[in-house]
Amino acid sequence: MFRKASGYSSDREPELLAGLDLGTSKVTVVVAEREHGSEEAQIIGVGQAPSNGIRKGLIVNLDQAVRSVRQAVSDAQNMVGQDITEVTVAFGGGEVTSIRTKGMVSLGRTPRPVMQLDIERVIEAAQADVAVPANQSILHTIPVEYSLDGNVGIDDPLGMTAIRLDIQLQSVIVPTSTIQNVLNCVDKAGLDVSGLVLKPLAAALGVISPEEALAGAVVIDIGGGTTGVAVFSDGRPKHLGLISVGGDHITNDIGSVLKLPLNKSEELKREVSVFTGPEDPEETVDFVYNSRNYSIAKKDLHEIVRCRMEELCEVLIRPQIKAAGISMLPAGIILTGGVSKTEGIDAFVLDVMDLPSRVSSPLDANRMPPGRNSQEYSAAAGIIRYIAEKERDPFRYLDNPLIRGVSGEDAGRPSIVPETRVRIKLDENNKASSSGFNPLEGLKNAFKDLF
Ligand SMILES: Nc1ncnc2c1ncn2[C@@H]1O[C@H](COP(=O)(O)OP(=O)(O)OP(=O)(O)O)[C@@H](O)[C@H]1O
Ligand SMILES: [Mg+2]
């Protein structure tokens, strides 16, 4: 029997929530259950399949990617004994731009409580300054700071009294074609899309504690083909960035420098520390492969891994952290993703980035199946937290309407988006606005040429 995700289950049945992480190395489907009336969702299964047709986080072969998604869904369905029909998808790849804009609204001459409409108005005001390049779309609109009468750091202005409300908004912009390919892939795999989330945000929500997010911290998710960076402070993601470099680059470096086949390079990569070289500089790894004898110096392996990681941290990650404009990050760096399993990576990152570093598995690891609860599964677990946070606070992460347009027949079905949510639509210039809109019209306008 079908049990559908959020909004479809009967009163007595727990709700089923599902997330799909389109990774470069593996596709993961996480399934959670939530009792009616409860805010807590409990992960009950994690399905997965090797990822084909996805490179550096981008779908490069639609049919292969569809097959991987189907396989991961079927694996998850077998695990939980339920059918999955609707997923929130974490994806990344290609160019991601994070823009900060400001907005202000006056509440009148005398102080009065802030209403929901005021928050919608101030978001609209900040959106007016977002310049979205042609062929790109806003994926996330995230209020990152509210001020009332010049007092910054207001957590939730609703109901508070002032004469002026200011906002800083973060708009995360990605190529429209990237979104469309993700939607097509999931659609072809026979699933509805109930939400989209950028992988660095999902991974961050999967591992960051509320205290760390409040104090200021960076989550770095180093996967197979991408590295996600999410900078948090005051409990909110102030900057999201995606870099098209991951652990596969380290494997390729080893393969090309030492002239080794990739599967052997992958194996050797996992044996070396990025922080300390071998105690004995002459130490070698000796093996026979395809009737050839190899003797690889461990210090060479260490150097190759270190070199790539230095480039990643200093040249690629550092500017992303700087772009957030946060002067203090006392909770330091939280490392996750498959590459965070590299020996010595926390000491290495502390050394290079000069910030305290720790490696983290998902916060929900103890609720996830053994063997599918380590760092590689942080983004998948984070999707469930993303869904829950979004429902708890309708102004936390605002949706792009395209995700609801894809299942076009859905117009009359209940929406997962709370009625209170500001609805962002794309106009003919792909610029977001938040007036009342018909999701089907929004989709048709945005993708006239594609349908
Ligand atoms: N013990 C280990 N030591 C070093 N690297 C490892 C280890 N285990 C896994 N990796 C690397 O982690 C990467 C896979 O990580 P992960 O599963 O997080 O990627 P992904 O989510 O599929 O990809 P992406 O998020 O980049 O699209 C691979 O490059 C793999 O070689
Ligand atoms: Mg990943």
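Further up the page is the structure itself.
Calculation rules
- Residues numbered from 1 in each chain as written.
- Chains lettered and ligands numbered in written order.
- Predicted model: local features only at pLDDT ≥ 70, side-chain atom pairs only at ≥ 80, totals over all residues.
- Heavy atoms only, no water.
- Helix = DSSP H or I, 4+ residues; strand = E, 2+ residues; numbered from the N terminus.
- Buried < 20%, exposed > 50% of the residue type's maximum accessible area, 1.4 Å probe, protein only.
- Phe/Tyr/Trp six-rings, centres within 6.5 Å; stacked < 30°, edge-to-face > 60°.
- Lys NZ or Arg CZ within 6 Å of the ring centre and 35° of its normal.
- Pairing = 2+ DSSP bridges.
- Axes fitted to C-alpha atoms, helices over the stretch in contact; angles between N-to-C directions.
- Contact = heavy atoms within 4.5 Å.
- Near = heavy atom within 4 Å.
- Polar contact = N/O pair within 3.5 Å; in protein donor to acceptor, adjacent residues only side chain to side chain.
- Areas by Shrake-Rupley, 256 points an atom, 1.4 Å probe, with all protein chains shown as cover.
- Nonpolar A, V, L, I, M, F, W, Y, C, P; charged D, E, K, R; others polar.
- Core = buried A, V, L, I, M, F, W, Y, C linked by side-chain atoms within 4.5 Å.
- Domains from an automatic or database assignment.
- Parallel < 35°, antiparallel > 145°, perpendicular 65-115°, else oblique.
- Left-handed = near helix turned anticlockwise from the far one by under 90°.
- Expected span 1.5 Å × (residues − 1).
- Salt bridge = Lys/Arg side-chain N within 4 Å of Asp/Glu carboxyl O.

**Let's talk about unusual backbone geometry**
The bulk of non-glycine residues show a negative phi, and the bulk of peptide bonds are trans.
Here comes step 1: Backbone geometry at Asp149 places phi at a positive 50 degrees, although glycine is not the residue there.
Here comes step 2: Examined against the element boundaries, Asp149 turns out to sit in the loop between β9 (136-148) and β10 (151-154).
Here comes step 3: A positive phi angle, close to 65 degrees, is found at Ser291, a residue other than glycine.
Here comes step 4: Structurally, Ser291 is set in the loop between β17 (284-289) and β18 (292-297).
Here comes step 5: Residue class for Ser291 comes out exposed when judged on its relative accessible area of 73%.

**Some details on the packing of aromatic side chains**
Here comes step 1: According to the stated counting rule, one finds two aromatic pairs in the structure shown.
Here comes step 2: Residues Phe287 and Tyr294 carry aromatic rings whose centres are separated by 5.0 Å and whose planes lie at 15 degrees to one another, so their mutual orientation is stacked. Residue Phe287 shares its accessibility class with Tyr294, and that shared class is buried.
Here comes step 3: Note on Tyr386 and Tyr397: the rings are 5.2 Å apart at their centroids and 35 degrees apart in plane angle, and the pair reads as tilted. Of this pair, Tyr386 sits in helix α10 (residues 378-392) while Tyr397 sits in the loop between α10 and α11 (402-405), placing them eleven residues apart in sequence. Tyr397 matches Tyr386 in its accessibility class, with the two residues each being buried.
Here comes step 4: The ring of Tyr377 carries the charged tip of Lys26 above its face, separated from the ring centre by 5.5 Å.
Here comes step 5: It is Lys264 that lies over the ring of Phe287; its NZ or CZ is 4.2 Å from the centre.

**Focus: the sheet that holds strand β1 (residues 15-22)**
Here comes step 1: The strand order across the open sheet built from five strands is β3-β2-β1-β6-β13, with neighbouring strands paired in mixed fashion. Lying at the two open borders of the sheet, with one neighbouring strand each, are β3 (42-50) and β13 (192-198). Between one strand axis and the next, the sheet turns by 20 degrees as a mean value, whatever way the strands run.
Here comes step 2: Examined bridge by bridge, strand β6 (residues 86-91) and β13 share six bridges and lie parallel to one another. Paired with Val89 across the bridge in β13 is Leu196.
Here comes step 3: In the packing of helix α4 (residues 199-207) onto the sheet, contacts are made with β1, β6 and β13, and the angle to β13 comes to roughly 80 degrees.

**Description of the site of ligand 1**
Here comes step 1: As a structural note, the neighbourhood of ligand 1 is formed by 20 residues, with Thr24, Ser25, Lys199, Glu266 and Lys269 the closest of them.
Here comes step 2: Interatomic distance of 3.1 Å between a side-chain N/O atom of Asp248 and an oxygen atom of ligand 1.
Here comes step 3: Relative to its unbound accessible surface of 660 Å², ligand 1 loses 94% to contact with the protein.
Here comes step 4: Looking at the shell around ligand 1, the elements with two or more residues in it are α6 (247-258) and α7 (262-269).
Here comes step 5: By residue class, the composition of the shell around ligand 1 is one nonpolar, eleven polar and eight charged.

**Details of the nonpolar core**
Here comes step 1: Counting 70 residues, the largest nonpolar core has Leu20, Leu22, Val69, Ile84, Val89, Leu196 and Leu201 as the members making the most contacts within it.
Here comes step 2: Residue-level mapping places this core at the junction of two domains, with at least three residues from each of domain 1 (15-94 + 176-202 + 368-450) and domain 2 (204-245 + 310-361).
Here comes step 3: If we skip the residues at most four places from it in the chain, Leu201 touches His140, Ile142, Phe232, Pro237, Leu240, Tyr386 and Tyr397.
Here comes step 4: Of all hydrophobic cores here, the second largest spans 37 residues; its members include Ala324, Ile345, Phe348 and Leu355.

**What about the sheet that holds strand β7 (residues 97-106)?**
Here comes step 1: Pairing is antiparallel in the open sheet, where four strands are placed in the order β7-β12-β9-β10. Every interior strand has two partners, whereas the edge strands, β7 and β10, have only one. Along the sheet, successive strands turn relative to each other by an average axial angle of 35 degrees, direction set aside.
Here comes step 2: Contacting β9 and β12 (164-175), helix α3 (residues 176-188) crosses the sheet at an angle of about 70 degrees to β12.

**Let's talk about the packing of helix α1 (residues 62-80) against α3**
Here comes step 1: For the pair α1 and α3, interaxial distance at closest approach is 8 Å and the crossing angle is 55 degrees. Classed by the angle they form, the pair α1 and α3 counts as oblique. Of the two possible hands of crossing, α1 and α3 adopt the one that is right-handed. Where α1 approaches α3, its residues Leu62, Asp63, Ala65, Val66, Val69 and Arg70 are matched on the opposing element by Asn181, Asn184, Cys185 and Lys188.
Here comes step 2: Per-class residue counts for the contact of α1 with α3 are five nonpolar, two polar and three charged.

**With respect to α10**
Here comes step 1: Relative to the 21 Å expected for 15 residues at 1.5 Å per residue, α10 spans 21 Å between its end C-alpha atoms, a close match to the ideal helical length.
Here comes step 2: With respect to burial, α10 is a largely interior element, twelve of its 15 residues being buried.
Here comes step 3: When α10 is considered as a whole, its buried residues turn out to be Ser378, Ala379, Ala380, Ala381, Gly382, Ile383, Ile384, Tyr386, Ile387, Ala388, Glu389 and Lys390.

**Observations concerning the pattern of salt bridges**
Here comes step 1: Counting across every chain of the model gives 24 salt bridges.
Here comes step 2: The salt bridge involving Arg270 is made with Glu266; its shortest N-O contact spans 2.8 Å.

**Structural notes on the side chain of Gln375**
Here comes step 1: Note that Gln375 resides in the loop between β20 (357-359) and α10.
Here comes step 2: Taking relative accessible area as the criterion, Gln375 reaches 11% and is therefore assigned buried.
Here comes step 3: In terms of polar contacts, Gln375 uses its side chain to reach the side chain of Ser340, at 3.4 Å.
Here comes step 4: Those residues in contact with Gln375 that sit more than four places away from it in its chain are Thr336, Gly337, Ser340, Lys341, Val359, Ser360, Ser361 and Pro362.

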